[in-house]
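# Overview (structure and organization)
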Amino acid sequence: MHRFIAFTLLWFLCSAAAAGQEVATGSTPNSTVHFYHDVGHIKWTLPNADDFMFGVPHFTVGPRVLCTRKIGVECEIEVSARQLWTSIEDRRRDLLNNVGAYLPDAVEQSPKIQKVGSPSVEYVVLTHKKDGGKIALGFAAHGPYVIRFRLVGRDPEGQKLSEVLAVIQSAEALNRNEFLAFKLADGKAACDKLSPESKSANDAAYANSAYSHVDYRSYFVNEAAPARGQAEVEANLAKVRQQYIEQIAEWPKESILSFCQSFPAQVENAEQ
């Protein structure tokens, strides 16, 4: 259940803002800002700029963070737009399922998910039986984004993994509130129309959320696409909503009901 149409129109809305988004901040020379579609701007802080570089998107919503040869391991950190109806338990199950492909060659046969930081990064580390090399897989799901990472190589003391985890923990979603408010408002509008039996519970959850008071439209008009003018931006936001509703309307009825009944949980997830 992805917002393919909304994704396309957001690209149209934000294309001006997306151009040339690698911006070093003056006070922190290792900090860089990039634009991610359906997520907004993310500021990354690299603990050692020589160890990391930004790679082109590859089935992702924006640039990936890659390890350079200098750090001595292979790694990839990628960003996707967060699906607020996906629970943390589901993400953990997906992580363990992905880890399962590596178990035949691993020392660890009952891998445990580890957690670090606040907001947290959750991950699993395996050791190769023959050469002692490490593979680490993990995720961080916060605000409007999901970050997934993979590290492969020799790291006996875990120092290189610590450096990768520090990069992930540094990710700061600069337009967090605006993009979450945008997603929740469209989700609620869809459910109001397609699942009226869910409306009462959804009204209460939304009214109690700070996101119901976020003026995300002003963000798109004044910051994301100021050159396009308010009327054009408003028209495209309306298209995003209408086509999103039409997309959901094509789902099976039980899927629509499940999605709309999960709206209070989506509001709660947005806070994380």
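You'll find the structure just up there.
This write-up is about the structure you can find in this document. (Residues numbered from 1 in each chain as written. Predicted model: local features only at pLDDT ≥ 70, side-chain atom pairs only at ≥ 80, totals over all residues. Heavy atoms only, no water.)

## So, the state of the cysteines
Tallying each qualifying case throughout the model produces 2 disulfides. Cysteine 191 shares a disulfide with cysteine 260; S-S distance 2.2 Å. Note on the cysteine 191 and cysteine 260 pair: the S-S dihedral is about -90 degrees, so by sign convention the disulfide is left-handed. With a gap of 69 residues between them, cysteine 191 in helix α4 (residues 176-194) and cysteine 260 in helix α8 (residues 253-261) connect regions that are remote in the sequence. (Disulfide = S-S within 2.5 Å. Helix = DSSP H or I, 4+ residues; strand = E, 2+ residues; numbered from the N terminus.)

## Things to note about the sheet that holds strand β4 (residues 52-55)
Read from one edge of the open sheet, 7 strands run β4-β5-β6-β10-β9-β8-β7, paired in antiparallel fashion. If you trace the sheet from one side to the other, it starts and ends with β4 and β7 (114-116), each paired once. This sheet shows a mean twist of 20 degrees between the axes of neighbouring strands, independent of strand direction. The strands that helix α2 (residues 88-100) touches are β7, β8 (121-127), β9 (134-142) and β10 (145-153); relative to β9, the one it contacts most, it runs at about 165 degrees. (Pairing = 2+ DSSP bridges. Axes fitted to C-alpha atoms, helices over the stretch in contact; angles between N-to-C directions. Contact = heavy atoms within 4.5 Å.)

## Focus on the pairing of strand β3 (residues 40-45)
By the bridge criterion, 6 bridges tie strand β2 (residues 31-36) to β3 in an arrangement that is antiparallel. Its bridge partner lying in β3, valine 33 is registered against lysine 43. Counting the residues that bridge the hairpin from β2 to β3 gives 3 residues, and of these aspartate 38 lies at a positive phi of roughly 70 degrees. Two elements, β3 and strand β11 (residues 172-173), share 2 bridges in a ladder whose sense is antiparallel. Note that in β11 the partner of lysine 43 across the bridge is glutamate 172.

## Some points on the packing of aromatic side chains
Tallied over the full model, the rule gives 9 aromatic pairs. Residues tyrosine 36 and tryptophan 44 carry aromatic rings whose centres are separated by 6.4 Å and whose planes lie at 65 degrees to one another, so their mutual orientation is edge-to-face. What makes tyrosine 36 buried here is its relative accessible area of 0%. Overall, tryptophan 44 belongs to the buried group, its relative accessible area being 0%. (Phe/Tyr/Trp six-rings, centres within 6.5 Å; stacked < 30°, edge-to-face > 60°. Buried < 20%, exposed > 50% of the residue type's maximum accessible area, 1.4 Å probe, protein only.)

## Section: empty space enclosed by the protein
On inspection of all chains with the given rule, the structure shows 1 cavity of 30 Å³ or more. Taken as a whole, the largest cavity encloses approximately 30 Å³ of empty space. What lines the largest cavity is Pro119, Ser120, Val121, Ala140, His142, Tyr145, Ile168, Gln169 and Ala171. Within the residue set of the lining of the largest cavity, elements represented by two or more residues are β9 and α3 (159-170). Here the residues of the lining of the largest cavity sort into 6 nonpolar, 3 polar and no charged. (1 Å grid on protein atoms, 1.4 Å probe; cavity = no way out; pocket = protein on both sides within 12 Å on 5 of 7 lines; lining within 4 Å. Points joined across faces, edges and corners; volume = space filled by probe spheres on them. Nonpolar A, V, L, I, M, F, W, Y, C, P; charged D, E, K, R; others polar.)

## A word on the packing of α4 against helix α9 (residues 263-270)
The relative placement of two packed helices comes down to the angle between their axes together with the axis-to-axis distance. Two numbers describe how α4 lies on α9: the axes approach to 11 Å, and their chain directions differ by 180 degrees. With respect to α9, the element α4 is oriented roughly antiparallel. Each of Arg176, Leu180, Leu184, Gly187 and Lys188 in α4 lies in contact with α9, whose residues at this interface are Phe263, Gln266, Val267 and Ala270. When its residues are assigned to classes, the contact of α4 with α9 shows 5 nonpolar, 2 polar and 2 charged. (Parallel < 35°, antiparallel > 145°, perpendicular 65-115°, else oblique.)

## Section: α3
Taking 1.5 Å as the rise per residue, α3 with 12 residues should run 16 Å; its terminal C-alpha atoms sit 17 Å apart, in good agreement. Among the residues making up α3, those that are buried are Leu161, Glu163, Val164, Leu165, Val167, Ile168 and Ser170. (Expected span 1.5 Å × (residues − 1).)

## Section: the pattern of salt bridges
Two side chains bearing opposite charge may form a pair once their charged atoms approach each other closely. Throughout the structure, instances matching the rule amount to 11 salt bridges. Put simply, glutamate 172 and lysine 43 hold a salt bridge, and the shortest N to O gap is 3.7 Å. On the criterion of sequence distance, the pair formed by glutamate 172 in strand β11 and lysine 43 in strand β3 is long-range, its members being 129 residues apart. Given the relative accessible area of 38%, glutamate 172 is considered partly exposed. The class for lysine 43 is partly exposed, based on a relative accessible area of 21%. In this structure, the salt-bridge partner of aspartate 186 is arginine 241, at a minimum N-O distance of 2.8 Å. Of this pair, aspartate 186 sits in helix α4 while arginine 241 sits in helix α7 (residues 230-249), and the two are 55 residues apart along the sequence. You can call arginine 241 partly exposed: its relative accessible area is 23%. Through salt bridges with shared partners, one network takes in Lys188, Asp192, Lys199 and Asp203. (Salt bridge = Lys/Arg side-chain N within 4 Å of Asp/Glu carboxyl O.)

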